[in-house]
Every structure is written in structure tokens, then in C-alpha cells.
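Structural overview
In case you want the letters, here they are:
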Amino acid sequence: MAATEIDSVECVSSIDGNEDEEVVSHSKQHAHPHQYSSKPHGVVAVGLAPTSVHELLECPVCTNSMYPPIHQCHNGHTLCSTCKSRVHNRCPTCRQELGDIRCLALENVAESLELPCKFFSLGCAEIFPYYSKLKHEAVCNFRPYNCPYAGSECSVTGDIPCLVAHLRDDHKVDMHTGSTFNHRYVKSNPREVENATWMLTVFNCFGQYFCLHFEAFQLGMAPVYMAFLRFMGDETEARNYSYSLEVGANGRKLIWEGTPRSIRCSHRKVRDSHDGLIIQRNIALFFSGGDRKELKLRVTGRIWKEQQNPDAGVCIPNLSI
């Protein structure tokens, strides 16, 4: 999803009841080419010589670990099933015809192995049978996070501290400390609505980081504005927090309360599920007042941590903040 030009958008932010602080939005932020993701270490078989076993199970074409069916040529050279179709049935090592020979011996060797998760350098200490390892790594809690910035096709991945630094330094995202906020969004021509992100703000509270999104997009034929919160961490931990958003004027207001979604869930998925405060354009213009030709929305909100009740086994709001 491409970012739109937002030079005409002004955001005025107030944190924890402070006076409005003018913030100028930036147009078309681009990710820095530097990648924050840690390169996975080589897979080492537990209790076996790392070079021979690892090299035997590494596809010579894609260099990924091979899983059944593992194919081989008449000379014994192996490759994975995905790459077999890519090489037009010719062995990439000796150029002999591959045929349909399975390397059952190597498949049996793989079945006997136990290997560390490839994210062990990021903190995962689990050991898995060879054929279970891939499934675990797809959902491992220590796997890198994708950059939550939605205004560009950013491919940066990493842990939370690295992504926070990346958002601040490369995307020039506003960083705030506090659990309450008071933002004012202004746009001179609200009829120019495209599928694009307007604003991303990162909040640091309760020792965690949260992303506040505010954007305009087409919902069917109607342009709408939407605000929602994402948690910079896993979905399980995100459920420990709640947030509220409020927008209004002229004696009317809209209120949204919900649980922030994890950044494991893509920005587009959260937006398309309508899991946030949605404001139709006619209501937004009504809240803006005046001649209804300029968008002026004030969005206030609060983040709080749910407190576990050990007796009832349920969460109750922690209102002591």
C-alpha cells in the first residue's frame, strides 16, 4: 500500500493532558535499507558432526533444509522437491536426468535428528525433531517482527527495540511517553481520500510500545476515517491491555473501546476487519464544524493494563494509572 502525499495534513498532539504541541507530518516515508533482522545461525544437529549432517540435508539449489520427498539422481546427488521442478528434471550437480528416485535413507536420517530452533540466537532455547522444527519456527514467539509502518512497503524485520529505533530514525515516527493522548488531525481538502496511511504515532507506557494508526480509506464507495491501536509484541501479551478512543464535537461523540491487536497481525488485516474507531466522512465533517470543507478532528484516547483477578480468574481494569 503506497503512502499518499500528506503535506496538507497537520497533527497537533497533546500527551497526558499537556498543551497541544504542533507536529508536522512527513510525506512518503521510506524505510532505510539497513535490515535489523538477525541472520539465523546454521542448523546444527544435536550430538552429530555439524558439517556432514547439515550439508547432507541442505538443498544445493536453494540452500534450505530439505523435507520429504527428498529426490536424488542416479549418481546420488540430492535436492528438494520444490527445486526439482525448477531444474527441469536435470541434476544441478552432474546434469544427469533426475527421474523419480526418492532418497529414503536421507529422509530416515532426518527423522532421527533433533535440532535447535533457528531463532535460538534471539532467545528460543527449544529443541525439536527435524520434521517438527519448521512448523514451530513459523509461529515461534522469538521470530522477528515485521515493521509496523503501513505507509510504505517496508521489509525491515527485527526485535521490538530495533523496530522502535527504525521507526524513529528511518520513518521519522513521532514517539511519545504516556498512556493518554489528545491528537488533532487537520486536512484542507477531505474529499481527496485515497487508500493511504496518514499518521502513525508510537507510545511508550507500562514498559511496552503501542502504535496508534489514523488513516483515510475507501469503505466500498464511501470514504471513511479510522483510528486503531496495535501492540508491539505477541497477541497473547496484547490481551493484557485495553484502550479507548473518542472523537466528537457539537454535543455529540463516538467512543470505541477494544483490545490492541498485535503487530504480528498485519496492518491491512486489522484495518479490513474494521477493528477500530471508524468515522464516516459526513460525520467527520459535522464534527469539524465551520463550512464542512475542512477536516478538523480531535481524537482523544487512553491505554490501560488489565489487572488479573486471582480469585475469579478474570481480568479487571487497572484504574490506578
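Structure report, in brief. (Residues numbered from 1 in each chain as written. Predicted model: local features only at pLDDT ≥ 70, side-chain atom pairs only at ≥ 80, totals over all residues. Heavy atoms only, no water.)

The set of residues buried in helix α3 (residues 104–111) consists of L106, E107 and A110. Here the buried residues of α3 occupy an arc of 105° about the axis, which is enough to place them on one side. Summarising the geometry of α3, the exposed residues directed more than 90 degrees from the buried face are A105 and E111. (Buried < 20%, exposed > 50% of the residue type's maximum accessible area, 1.4 Å probe, protein only. Helix = DSSP H or I, 4+ residues; strand = E, 2+ residues; numbered from the N terminus. Arc of directions from axis to C-beta.)

The subject of this paragraph is helix α8 (residues 281–288). Where α8 is concerned, the buried positions are R281, A284, L285, F287 and S288. Down the axis of α8, the buried set is contained in an arc of 160°. They therefore lie on one face. Just downstream of α8, G289 is the residue with a positive phi angle, here 70°.

The full count for this structure, using the stated rule, is 10 aromatic pairs. Each ring, one from F231 and one from Y241, has its centre 5.5 Å from the other, and the planes form 25°; the classification is stacked. One end of the pair, F231, is in strand β14 (residues 222–231); the other, Y241, is in strand β15 (residues 241–249), and 10 residues separate them in sequence. An identical accessibility class is assigned to F231 and Y241; each is buried. An aromatic cluster of three or more residues is present, and its members are F206, F210, F231 and Y241. (Phe/Tyr/Trp six-rings, centres within 6.5 Å; stacked < 30°, edge-to-face > 60°.)

Further remarks concern the sheet that holds strand β3 (residues 70–72). Across the sheet, which stays open at both edges, the 3 strands sit in the order β4-β3-β5 with antiparallel pairing between neighbours. Of all strands in the sheet, those bounded by a partner on one side alone are β4 (78–80) and β5 (101–102). The pairing of β3 with β5 spans 2 bridges and is classified as antiparallel. Counterpart to Q72 in the pairing with β5 is I101. (Pairing = 2+ DSSP bridges.)

What follows covers the environment of V139. Examined against the element boundaries, V139 turns out to sit in helix α4 (residues 130–139). V139 sits 125 residues away from R264 along the chain, and the two C-alpha atoms are 9.9 Å apart.

Where β15 and strand β16 (residues 252–258) come together, 7 bridges link them in antiparallel fashion. Across the sheet, E246 pairs through a bridge with I255, a residue of β16. Hairpin geometry of β15 and β16 is characterised by an intervening segment of 2 residues between the two adjacent antiparallel strands and by a positive phi of about 55° at N250.

Let us now look at the pattern of salt bridges. Using the criterion set out here, one finds 9 salt bridges in the structure. With a closest N to O distance of 2.7 Å, K133 and E137 form a salt bridge. With a gap of 4 residues between them, K133 and E137 both fall in helix α4, about one helical turn apart. For E137, a relative accessible area of 7% puts it in the buried group. Between R271 and E215 there is a salt bridge, with the nearest N and O atoms lying 3.6 Å from each other. Residue R271 is located in helix α7 (residues 267–272), and its partner E215 is located in strand β13 (residues 208–219); the two are separated by 56 residues in the primary sequence. A single burial state applies to R271 and to E215, both of which are buried. Residues joined by salt bridges that share partners form a network here, namely E215, R271 and D272. (Salt bridge = Lys/Arg side-chain N within 4 Å of Asp/Glu carboxyl O.)

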